[in-house]
Amino acid sequence: MFMLPMLAYADDNPITKIKEKMKFNWKVLDGLDFVFTPIGLVISLLTIATLVFVIIKVIIKLVKISTGKGTIKDKWFWIEAGLLVFIVFLFISGAFFSFLENIYNWTSKQDIGGTTTTFIQMVDQYRNWS
């Protein structure tokens, strides 16, 4: 950072070089398949277990309703079951990860505060002026 004023007069844009060094390099994670595969396996097993749990819970509820020990108007049970099925659907279909990917793509294109753009414009104006 102390070299920033000196680099402002260089031919190359120093902000571009700083941005390349400071942002996270996602290619580092390419060799970590041995970590992500077990994590994916655990998530898959939890998703399947949750789906089986919800199905069993609904079947038990329907048996209780048919024997007269329960009511079909149990609002909170159906909200809970519907929410769990929706969450399982998001994981099974991949929509959850697509949503996270879209958030990452959108946020990576944002210029927070606009200070970097303003500084680059000032350097470009100085170069064009002299």
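This text follows the structure it describes.
So, a few notes on the structure that sits alongside this text.

Rules used throughout
- Residues numbered from 1 in each chain as written.
- Predicted model: local features only at pLDDT ≥ 70, side-chain atom pairs only at ≥ 80, totals over all residues.
- Heavy atoms only, no water.
- Helix = DSSP H or I, 4+ residues; strand = E, 2+ residues; numbered from the N terminus.
- Buried < 20%, exposed > 50% of the residue type's maximum accessible area, 1.4 Å probe, protein only.
- Contact = heavy atoms within 4.5 Å.
- Expected span 1.5 Å × (residues − 1).
- Salt bridge = Lys/Arg side-chain N within 4 Å of Asp/Glu carboxyl O.
- Patch = residues over 30% accessible without salt bridge, like charges linked within 9 Å, V, L, I, M, F, W, Y side chains within 5 Å.
- Areas by Shrake-Rupley, 256 points an atom, 1.4 Å probe, with all protein chains shown as cover.

### What about the overall build of the protein chain?
For the protein chain, the count of helices and strands is six helices and zero strands. Taken from N to C terminus, the helices and strands of the protein chain fall in the order α-α-α-α-α-α. In the protein chain, which comprises 130 residues, the share counted as buried stands at 10%. At a minimum sequence separation of 6, the contacts of the protein chain that also span at least 24 residues come to 50%.

### Some words on helix H3 (residues 33–67)
Side chains of residues three or four places apart in an α-helix project in the same direction, reflecting 3.6 residues per turn. Taking 1.5 Å per residue, 35 residues should reach 51 Å; H3 reaches 51 Å between its end C-alpha atoms and fits that length. For H3, the full list of buried residues reads Thr47, Val54, Val58 and Lys61. Gly68 sits one or two residues past H3 and shows a positive phi near 90°.

### Quick look at the pattern of salt bridges
Per the stated rule, a full pass over the model turns up two salt bridges. Close ionic contact of Glu80 with Lys57 constitutes a salt bridge, the shortest N to O distance being 2.8 Å. You can see Glu80 sitting in helix H4 (residues 75–93) and its partner Lys57 sitting in helix H3, a full 23 residues away along the chain. A relative accessible area of 27% places Lys57 in the partly exposed class. The partner of Asp74 in a salt bridge is Lys61, with the nearest N and O atoms 3.0 Å apart. In this pair, Asp74 is assigned in the loop between H3 and H4 and Lys61 in helix H3, connecting sequence segments 13 residues apart. The class of Asp74 is partly exposed, set by a relative accessible area of 28%. Lys61 sits in the buried class, given a relative accessible area of 12%.

### Observations regarding a nonpolar patch on the surface
Nonpolar side chains collect at one region of the surface, where Phe34, Val35, Phe36, Ile39, Ile43, Phe97, Phe99, Leu100 and Ile103 lie side by side and expose about 830 Å² of accessible area between them. If you list the elements that add at least two residues to the nonpolar patch, you get H3 and helix H5 (95–108). It is H3 that contributes the most residues to the nonpolar patch, five residues altogether. The residue Ile103 is located in helix H5 in this model.

### Quick notes on H4
Its 19 residues give H4 an end-to-end C-alpha distance of 27 Å, which sits within 8% of 27 Å, the value for a rise of 1.5 Å per residue. Elements that come into contact with the buried residues of H4 comprise H3. Immediately downstream of H4, the backbone of Gly94 shows phi near 85°, a positive value.

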